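In case you want the letters, here they are:
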Amino acid sequence: MKITIEHLRGAHAGRAAELEQDVIRLGRAPDNDVCFDAQRDLDASGHHAEIRVAAGVVTVHDLGSSNGTLVGGRRLPQAALRSGDVVECGAGGPALRVSFVETAVAIPRTQVRGTVPPGVGALTAAAVAERAAAAGAPAPAPAAYAVPLVAVAPGQRQGGRTVSMMISAAAAQASKSQGLGRGTQFLRSVVGQAVTQSTRKFKLALAACAALLVLGGVAVGVLLVRQARGQETARQKLVAQIAVLASSSEHERVQAQAAKDQEREEQKAAREQERAETAKEREELQKRIGNLTKQLAGLQAGGLGSSIAGDNRRAVYLLTAKMGPIEVPVCTGFAIRPSVLATNAHCVQAVRPLIARGATIWAVLNASGTKRFAVTKMGGHPRYRDQTLGYDVGLMKVTGRLPRTVRLASTEELRAVKQGQAMYVYGFPGDLAKPQHPEATITQGIISRVMTPDKLPGKFEDARVLQHTAYVSGGTSGSPIFDANGTVIAVNAGGFRTTQQVTITAANGQTLPVNINMAAPGYNYGMRIDLL
């Protein structure tokens, strides 16, 4: 059977090959019958699959390839093919159209042999015998004849004309079987006898019979050819139907096997997913145990705050503005990348007017007044608005490489932040911030509320403001807020304010009520770290 392979996709797209063998191997290795490009068709394996021909059925078999073999878009270990099916070597890999035509079965024509019918044979034999006696030669024996067998439906009979034509054909065949020269003598004897003994009417009748014999022979030939062609077509259709039924049965068997294989693969995938989930749970449990162990060690060493301050001592910076000999503290920043500091958007806004007046912004390393980095670029969150709650985060880029960075909380760790859990702020309170001798202060509190910028409860994606109770002041804006594991969960941004009414007594003894806007101790807030 000839198999036509067309490359529809891959490095050899547009090529075609015609093969006539029982096994056709596909792959990138050079010993395959159909080779893919070894450098570009990387979805196909070296020995990817085989196309096999057996009992008129064409199938494709995957050879344990890395990306699988697909027929009609489905990944199958094996499948029966129909002409025109597309075989893919890996999803998105080289694609082949497989076409083939089944070879028709040749059916020989049946023949019947026998002796010359008595009527014809007697007449011919008599004429020959007379001619032979006149010439002094022995009379020849009756000749055998061969005629094609005409197919007749059950219960149908042949008419007299058909029998007559078959007899005439047999007589003609018998005369041919005598040889060219002797057949000619035989015909001359018959014709001569007929001419000698007949009248004019007999001659006309003989000519008409001869014409009828010729026409009858032609008609019989045409009928035999048509009947043979009809039989051949019917047999070809029968063979094709048998092949289709066999192919369909094989196809159904292969599909059933493929369904079972797919079910096994799905069960295997489910088991692997279950194992992966179990491993993830085990990893999270081990992480929690590690955090608890770390917290216990911190408590034993003098408290968690002490451990957090020690681990992040070289990751926090005092941000200053320097104009000539004058240097003033502005905010706190902390390293999140080797050359990037995180702080508040309102700190970025505060230094821009100073830069316009010629000031230089510095990041001075905690506990080292001489180790400092110049700020070269800065920016606040695009949704931040002054005097509003929310999105108060900013970034500053510095020259050089910062010695240490903090560890930022993951999304899972941020989701675990709950009301009442411990937290720590590590920064530079304004009254204690000294540019020449910077020393950060750590304070402890709890997360008192998680809310949206509108001060309402909300979904995780919206509730990014963490209210806390740790002591802060102006210089601690931009300080990192740590959880008990030493992970940064937020950027400290400020405190809520409250209005109180006090009574003032004038010198003349008159009392006046006065409203004073003042900070509300213990009601501070930070921006969740994922706003960065």
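Cut-off values and rules
- Residues numbered from 1 in each chain as written.
- Predicted model: local features only at pLDDT ≥ 70, side-chain atom pairs only at ≥ 80, totals over all residues.
- Heavy atoms only, no water.
- Disulfide = S-S within 2.5 Å.
- Helix = DSSP H or I, 4+ residues; strand = E, 2+ residues; numbered from the N terminus.
- Buried < 20%, exposed > 50% of the residue type's maximum accessible area, 1.4 Å probe, protein only.
- Core = buried A, V, L, I, M, F, W, Y, C linked by side-chain atoms within 4.5 Å.
- Contact = heavy atoms within 4.5 Å.
- Pairing = 2+ DSSP bridges.
- Axes fitted to C-alpha atoms, helices over the stretch in contact; angles between N-to-C directions.
- pLDDT = per-residue confidence, 0-100.
- Phe/Tyr/Trp six-rings, centres within 6.5 Å; stacked < 30°, edge-to-face > 60°.
- Lys NZ or Arg CZ within 6 Å of the ring centre and 35° of its normal.

Chemist: Please explain the state of the cysteines as it appears in this structure.
Modeler: Disulfides are covalent bonds that link the sulfur atoms of two cysteine residues. Evaluation of the coordinates by the stated rule reveals 1 disulfide. Between the sulfur atoms of Cys 331 and its disulfide partner Cys 347 the distance amounts to 2.0 Å. Judged by the sign of its S-S torsion, about -90 degrees, the bond between Cys 331 and Cys 347 is left-handed. One end of the pair, Cys 331, is in strand E15 (residues 326–337); the other, Cys 347, is in helix H6 (residues 345–356), and 16 residues separate them in sequence. Residue Cys 347 is classed as buried on the basis of its relative accessible area of 0%.

Chemist: Sorry if this is basic, but what is going on with the nonpolar core here?
Modeler: Proteins that are soluble and globular tend to have nonpolar side chains buried together. Residues Phe 334, Leu 389, Val 406, Phe 482, Ile 489, Tyr 525 and Met 527 are the most contacted members of the largest nonpolar core, which totals 43 residues. Examining the composition of this core, we find that 6 residues originate from one element, strand E24 (residues 488–505), more than from any other. Setting aside its immediate chain neighbours within four residues, Phe 334 contacts Ala 315, Val 316, Val 340, Leu 341, Ala 342, Val 406, Gly 478, Ser 479, Pro 480, Val 488, Val 491 and Ile 529. Counting residues in hydrophobic clusters, the runner-up holds 24 residues, among them Ala 44, Ala 79, Val 87 and Val 98.

Chemist: Would you explain the sheet that holds strand E17 (residues 360–365) in this entry?
Modeler: One key point about sheets: their strands pair by backbone hydrogen bonds, in either a parallel or an antiparallel sense. Taken in spatial order, the 6 strands line up as E14-E15-E16-E19-E18-E17 and close into a barrel, and their pairing is antiparallel. Strand-to-strand twist across the sheet, computed as the mean angle between neighbouring axes with direction ignored, equals 45 degrees. Of the strands in this sheet, strand E14 (316–323), E15, strand E16 (340–343), E17, strand E18 (372–380) and strand E19 (394–398) touch H6, which is tilted by about 110 degrees from E18.

Chemist: I would appreciate a short explanation of the confidence of the model for the chain in the present structure.
Modeler: In regions of low pLDDT, the predicted coordinates are not meant to be interpreted in detail. A residue-level look at the chain finds 77% of positions with pLDDT of 70 or above and a mean pLDDT of 81. Between residues 104–129, whose pLDDT stays under 50, and residues either more than four places distant or in other chains, the model counts 36 contacts. When the criterion is pLDDT under 50, residues 139–167 qualifies, and its contacts beyond four places in sequence or with other chains add up to 45 contacts.

Chemist: What is the right way to read unusual backbone geometry from this model?
Modeler: Negative phi values dominate among residues other than glycine, just as trans dominates among peptide bonds. Here Ala 55, not a glycine, exhibits a phi torsion of approximately 55 degrees, which is positive. Looking at the element boundaries, Ala 55 is found in the loop between strand E5 (49–54) and strand E6 (57–62). The backbone phi angle of Lys 455 is positive, close to 65 degrees, even though this residue is not glycine. As for its position among the elements, Lys 455 is in the loop between strand E21 (441–451) and strand E22 (465–468). Relative accessible area serves as the criterion here: at 43%, Lys 455 is assigned to the partly exposed category.

Chemist: I would appreciate a short explanation of the packing of aromatic side chains in the present structure.
Modeler: Think of a pair of aromatic rings as described by two things: how far the centres are apart, and how the planes are tilted against each other in angle. Taken as a whole and judged by the stated rule, the model has 2 aromatic pairs. Taking the centre distance of 6.1 Å and the plane angle of 75 degrees together, the rings of Tyr 317 and Phe 373 count as edge-to-face. Remark: Phe 373 occurs in strand E18 and Tyr 317 occurs in strand E14; sequence separation between them is 56 residues. Owing to a relative accessible area of 6%, Phe 373 belongs among the buried residues under this scheme. Seen from their ring centres, Phe 496 and Tyr 525 are 4.9 Å apart, and the 45 degrees between their planes marks the pair as tilted. Taken as a pair, Phe 496 in strand E24 and Tyr 525 in strand E25 (residues 511–528) lie far apart in primary sequence, 29 residues in all. When its relative accessible area of 16% is taken as the criterion, Phe 496 is described as buried. Of the residues examined, Tyr 525 reaches a relative accessible area of 13% and is grouped as buried. If you follow Arg 372 out to its NZ or CZ, it ends over the ring of Trp 362, 5.6 Å from the centre. If you follow Arg 415 out to its NZ or CZ, it ends over the ring of Phe 460, 4.3 Å from the centre.

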